[in-house]
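Descriptive structure summary
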Amino acid sequence: MPESPQPPAEVVLKGVAGSPGVALGPAYELISGEIEVPCYTIPTDQVEAELARLDQAVLTTRDQLEELRTQVAKRLGDDEAMIFDAHILVLEDRAILEETSREIRTRLLNADYCYRAVSDRFLQAFSAMEDAFLRERATDIRDITRRLLGNLTGGRSSHNLGDHLKEKVVIVANDLTPSETAELPRDKVLAIVNDLGGKTSHAVIMARSLEVPAVVGLHEATSRIAPGDTILVDGYEGLVIVHPSEATLFRYGKLRRQKEQLRAIYEAVVSEPSETADGQPFVLEANVDGPMDTAKAHRRGARSVGLFRTEHLFLKGDQFPTEEEQYEAYRAVVTSMKPGSVVIRTLDLGGDKQTDNPVLPADEDNPFMGFRALRLCLAHPDLFKAQLRAILRASAHGSVRIMYPMVSHLAEVKRANALLEECRRELAAKGIPFDPTIPVGAMVEIPGAALILDLLAGSCDFFSIGTNDLLQYLLAVDRGNERVASLYNPAHPGFLRLMRTILTEGKRLGRPVGICGELAGDPLFAPLLLAWGATSLSASPGALPELKFTLRRTTRAGMAKLAAEVEASTCSEDVRRALRAHRDTLAVNPDDLPKT
Ligand code: PEP
Ligand code: MG
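Here goes a summary of the coordinates provided. (Residues numbered from 1 in each chain as written. Chains lettered and ligands numbered in written order. Predicted model: local features only at pLDDT ≥ 70, side-chain atom pairs only at ≥ 80, totals over all residues. Heavy atoms only, no water.)

Scanning the protein for helices and strands turns up 24 helices and 16 strands. Taken against the 2.2 N^0.38 rule, which gives 25 Å for 596 residues, the C-alpha radius of gyration of the protein at 26 Å falls within 12% of a compact globule. If you line up the protein on its principal axes, its C-alpha atoms span 85 × 80 × 45 Å. Summarising the internal contacts of the protein: among those between residues at least 6 apart in sequence, 71% fall at separations of at least 24. Carbon and sulfur atoms make up 53% of the accessible area of the protein, which totals about 25,900 Å². (Helix = DSSP H or I, 4+ residues; strand = E, 2+ residues; numbered from the N terminus. Rg over C-alpha atoms; globule rule 2.2 N^0.38 Å. Contact = heavy atoms within 4.5 Å. Areas by Shrake-Rupley, 256 points an atom, 1.4 Å probe, with all protein chains shown as cover.)

As structure tokens, then:
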């Protein structure tokens, strides 16, 4: 009798818990950045067809580059658009194309493989050149190769993933970027699993806003998981289980039911008042990426938006949105939140939010400390003013506040306000309506800015603490680097002292200070932040029901006691012990859940 095949053994991979939830499904490996290039032989009579396929891909790529050049020239001017002329020259370089054709004919291998092999050789040669200008061309070759291979292979990039996928899958990637996450087909993704990344990488924040479980920082998920493998993703504990056994599936089935029961309990309070058990009101707001998130925000009980991350609009597709497109998106969010207010944050590109657009420098050594957010916008006033005008126009439809990200100097806020004033004048001259008293705020996410709130207060109506960045800059820990994820610890007494200082100083200056980083949505920390005077907490909609449930069980006395304990703690372990002990007094006891 033939032996029945053994089921594959279960493998457990441990990573960083990115977004809560449990999911089970087939793995789909997404090749980020690098396009997966197949290698296969072709019969001699297919050579001409293969060459024609290459020609067609070159033509398609050229069309895309010309379109990009036109768009960029329109928005940013001819100088910025010149980069695409260089790209077209590289694309049509006879040396690369002729050598590729020769390889196809002589080696009888597919066009994608031959093009990649030839471009790799050119890339190496250019990278090794003494001349800085010529070395720069290596970047052009890399960009063009990716784009052309994407067109040749129909690329397994996120760009056209929705068309490829027939079933729901778990995305397994090495380094899923925010722009790739933005393009994922929401209805086909069960969960996200990533080799790199930390709890507050932007791809992870987006996964939370999509409400799909995510585990990141796994180091070797892509090498340990084969496409099609059945995998179970536990976004609570940061585990990925490949080929889960019957016993594991049973255990997770129970966990899932328990979490669903808890969810129902939390969601039962979304329409209840936002006030503590002893009647102190608090404000919970939603973080959104665009109009697609507002229905979810309402369902989770949010009445206003504390952070609209506008970059999402700029990360999708090849081109930046026009002023008109931005206005439509901002207006849609503003009208759907009415009468609640919407804090629209100006563009925060850079850091881990990269695009191919030439306003962003390629290959910065330290992109998180580089040409990012407000710095980039002030260097591109046309781009910035188009956004400011779009926001001002949207302010005619509801309650809008403008917020600048990555403020480090007072002069930046003054310059941004001067550009805003120009926009006001331009709109007024054309009779276009806007809110003339629109409040302006600054994000407090750079320690240097946190220490000059008194100076900034003259130019700002409110502040909002971006804990994701503030923590990484204060502790010198890259928020997206899984190797140092354990050091990215908001319970660090130094970080908490700074949080308290900012909140106290805001009160002294008469400026509201909200919190919109991920910490605001953490039920463990939220009571502490309220105790120190946070005027609002803004979090991804999925986090709001549990947050409200928890805060509705707190009391002023309980929070004050917690704050005193934390202030007296000398290490992060003690801080966490105090936070957990307090949370345990508020949380649902699993034994109280109905048995299933
Ligand atoms: C933050 O830094 O906390 C923040 C809210 O901004 P982002 O996560 O988009 O950098
Ligand atoms: Mg930030």
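On to the side chain of Ser459, then. Tracing the chain through its elements places Ser459 in the loop between α18 (453–456) and β14 (462–465). By relative accessible area, Ser459 is classed as buried at 17%. (Buried < 20%, exposed > 50% of the residue type's maximum accessible area, 1.4 Å probe, protein only.)

Read once around its circumference, the closed barrel built from eight strands follows the order β9-β10-β11-β12-β13-β14-β15-β16, with strand pairing classed as parallel. Between one strand axis and the next, the sheet turns through 30° on average, direction left out of account. As judged from the two bridges shared by strand β15 (residues 513–515) and strand β16 (residues 536–539), these two strands associate in the parallel manner. Pairing of Gly514 across the sheet is with Ser536, part of β16. Relative to the sheet, helix α20 (residues 493–509) contacts β13 (440–444), β14 and β15, its axis offset from that of β15 by approximately 145°. (Pairing = 2+ DSSP bridges. Axes fitted to C-alpha atoms, helices over the stretch in contact; angles between N-to-C directions.)

Our next topic: the coordination of the magnesium ion (ligand 2). Donor atoms from the polypeptide that coordinate the magnesium ion (ligand 2) comprise Glu445 (OE) and Asp469 (OD), at 2.0 to 2.1 Å from the metal. On the criterion of sequence distance, the pair formed by Glu445 in the loop between β13 and α17 (447–450) and Asp469 in helix α19 (residues 467–475) is long-range, its members being 24 residues apart. (Donors = N, O, S within 2.8 Å, 3.2 Å for Na, K, Ca; no water.)

Here we come to unusual backbone geometry. A cis amide bond links Lys338 with the next residue in sequence, Pro339, at an omega value of 0°. Here Pro339 is to be found in the loop between α13 (323–337) and β11 (341–345). Notably, Glu211 is not glycine yet its phi reads approximately 60°, a positive angle. Along the chain, Glu211 falls in the loop between α8 (202–210) and β6 (214–216). The backbone phi angle of His219 is positive, close to 65°, even though this residue is not glycine. Mapping His219 onto the fold places it in the loop between β6 and α9 (221–224).

Scanning the model with the defined rule gives four aromatic pairs in all. Ring geometry for Phe308 versus Tyr330: centroids 5.6 Å apart, planes at 85°, classification edge-to-face. Pair noted here: Phe308 is in strand β10 (residues 305–309) and Tyr330 is in helix α13, with a separation of 22 residues, a long-range link. Using a relative accessible area of 0% as the deciding quantity, one classes Phe308 as buried. (Phe/Tyr/Trp six-rings, centres within 6.5 Å; stacked < 30°, edge-to-face > 60°.)

Another aspect to go through is the nonpolar core. Counting 95 residues, the largest nonpolar core has Tyr404 and Leu537 as the members making the most contacts within it. Per element, the largest residue contribution to this core is seven residues, and it comes from helix α15 (residues 381–394). Other than its neighbours up to four places away in sequence, Tyr404 contacts Thr346, Leu374, Phe384, Val413, Ala416, Asn417, Leu420, Val440, Gly441, Ala442 and Met443. Ile88, Ile96, Cys114 and Leu149 belong to the second largest nonpolar core, which has 28 residues in total. (Core = buried A, V, L, I, M, F, W, Y, C linked by side-chain atoms within 4.5 Å.)

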